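Overview (structure and organization)
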Amino acid sequence: MRRKLQWNLISTSMSLELEEISIQKQFEAVIASGDKLKLQEFLDHQSIGDMVDLIDDNPDKETLIINGISLHRAVSVFKILDFSYQKRIIKELTPHKTAELLNELPPDDRTSFLSELPSNVVRELVKMLDPEERKITLSLLGYPEGSVGRLMTPDYVYVYENDTVEEVLSTIRKFARNSETIDVLYVINDKGELMDDIRIRDFILANPGSKVSDLMDGRFISLYAEDDQEVANDAFKKNNRVALPVVSQSNKLLGIVTIDDVLWLAGEEFGEDIQKIGGTEALDEPYLEIPIFKLVKKRASWLIILFLSEMLTATAMQFFNDEIAKATVLALFIPLIMSSGGNSGSQASTLIIQAMALGELTIKDWWKIMRREILSGLCLGLILGSIGFLRIFVWQHMHIYDYGIYWEKVAMVIFCSLTGIVLWGSLMGSMLPIILKSLKLDPATSSAPFVATLVDVTGIIIYFSVAYILLRGYLL
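What counts, and where the lines are drawn
- Residues numbered from 1 in each chain as written.
- Predicted model: local features only at pLDDT ≥ 70, side-chain atom pairs only at ≥ 80, totals over all residues.
- Heavy atoms only, no water.
- Core = buried A, V, L, I, M, F, W, Y, C linked by side-chain atoms within 4.5 Å.
- Buried < 20%, exposed > 50% of the residue type's maximum accessible area, 1.4 Å probe, protein only.
- Contact = heavy atoms within 4.5 Å.
- Axes fitted to C-alpha atoms, helices over the stretch in contact; angles between N-to-C directions.
- Helix = DSSP H or I, 4+ residues; strand = E, 2+ residues; numbered from the N terminus.
- Parallel < 35°, antiparallel > 145°, perpendicular 65-115°, else oblique.
- Left-handed = near helix turned anticlockwise from the far one by under 90°.
- Nonpolar A, V, L, I, M, F, W, Y, C, P; charged D, E, K, R; others polar.
- Phe/Tyr/Trp six-rings, centres within 6.5 Å; stacked < 30°, edge-to-face > 60°.
- Lys NZ or Arg CZ within 6 Å of the ring centre and 35° of its normal.

1. Quick look at the nonpolar core
Counting residues in each nonpolar core, the largest one holds 34 residues, and the members touching the most others are Leu43, Val77, Phe113 and Leu114. Discounting chain neighbours no more than four positions away, the residues touching phenylalanine 113 are Phe78, Phe83, Gln86, Lys87, Ile90, Leu102 and Leu125. Core analysis: the second largest hydrophobic core is formed by 29 residues, Ile414, Leu432, Val455 and Phe464 among them.

Written as structure tokens, this is what we have:
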């Protein structure tokens, strides 16, 4: 049964690949014919996903594809493309086609696209918008960068508490066509204040003569336009909703945020965090398209900080220069000691950053985290320390290397040092994200290289301090 299932999966994968190759070959044949009508007919038979794949595989034909399909389908394709493709398409389209595309784009997607462009380009594109769309766009762009206001769309359906269900259904038929989603309807009063949100299924199942007030329970969740976008992300995680209302500080309904925008945002933030954890600033452009000078600038700042931090390691080693001179065997284990502490710190840091991003941990959990890392760090340190001790024991007795008459003392130094350094690395790696979060900084900046550098410096101090205590009167 399992083998049959595996074969079915392989067959499905192969058929999808063959289908993709077939679409690409058909596309190339249509392009070669030069028949625009034939091209339009071919594209009309492709799904939105297939057209996105065609653009990915034929980046020089992206504008041709957008021009070859209806405006509605062009908008559906454009809004899910990477920003680099969007920017090139807008640059190559005619002013008339650009105006059509921008006016047809949902306000939240249009705002997201314009937010990435230079201000002088935004000014020119905003001029192409219809007066009503321009007003909406400028309103959304007026919210702080990274706020919920930048994500929301004003396209939603609202009703009043005194409306009947029959009137609500009539409102849906009249206005829902331009709404981003109609899964939920929003109840407001005469002042425009949000009173409740009700699922459309409740209206469909209700008696036509019932009033909206009969279906209200007053339990609703809303976001403020000035809230950080992470607040929206957390709200969608905790509540089973496809959209959430956005209100002003006075509870006036301003718009809604939909789940697709939050998922897109989560993907972008995940990519940024991965880059920061790797010890670089977040890239705001695709890797192959970012200018070399800008790429170097993004990477250089962190490398300089880490390099200057590593100088402290050299300073620490200079302080123990006499000990190294007297017991040169200690120098053999410096790379081992430094890497073990850095690795344990990087592990802890990555685990805590991920748990915080998923909402599993908060700043208030710092003591629980510390207790767990003390126990786990101690266990890991004892494991690595034992391996280090065993290594010296085996090498000495198999005559692979002679550590001298005090080899047991050296082995104990390695055992105790590794135990302490791995424990210390785990504590530092777990506590740094908590400290940064409490200072309202991005925990991802306590990246693996940064933690490793800090642990390197302290690890050297721990190592030679233990060596001085255990080897004093013998090798030192």
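Picking up after the structure, the text goes on.
2. A word on the packing of helix α8 (residues 107–115) against helix α10 (residues 131–141)
Running from amino to carboxyl end, α8 crosses α10 at an angle of 60°, the nearest separation of the two axes being 10 Å. In terms of orientation, α8 and α10 fall into the oblique class. The two elements α8 and α10 meet at a crossing, and its hand is right-handed. Between α8 and α10, the contacting residues are Pro107, Asp108, Arg110, Thr111, Leu114 and Ser115 on the first element and Glu133, Ile136, Thr137, Leu140 and Leu141 on the second. For the contact of α8 with α10, the per-class residue count stands at 5 nonpolar, 3 polar and 3 charged.

3. Details of the packing of aromatic side chains
According to the stated counting rule, one finds 11 aromatic pairs in the structure shown. Between tyrosine 156 and tyrosine 158, the ring centres sit 6.1 Å apart and the planes meet at 55°, which makes this aromatic pair tilted. In this structure tyrosine 156 comes out as buried when scored by relative accessible area, which is 17%. A connected cluster of aromatic rings, assembled from ring pairs, spans Tyr156, Tyr158, Tyr160 and Tyr186. Sitting over the face of the ring of tryptophan 395, arginine 391 holds its NZ or CZ atom 4.5 Å from the ring centroid.

Treat this as a map of the structure, not an account of what it does.
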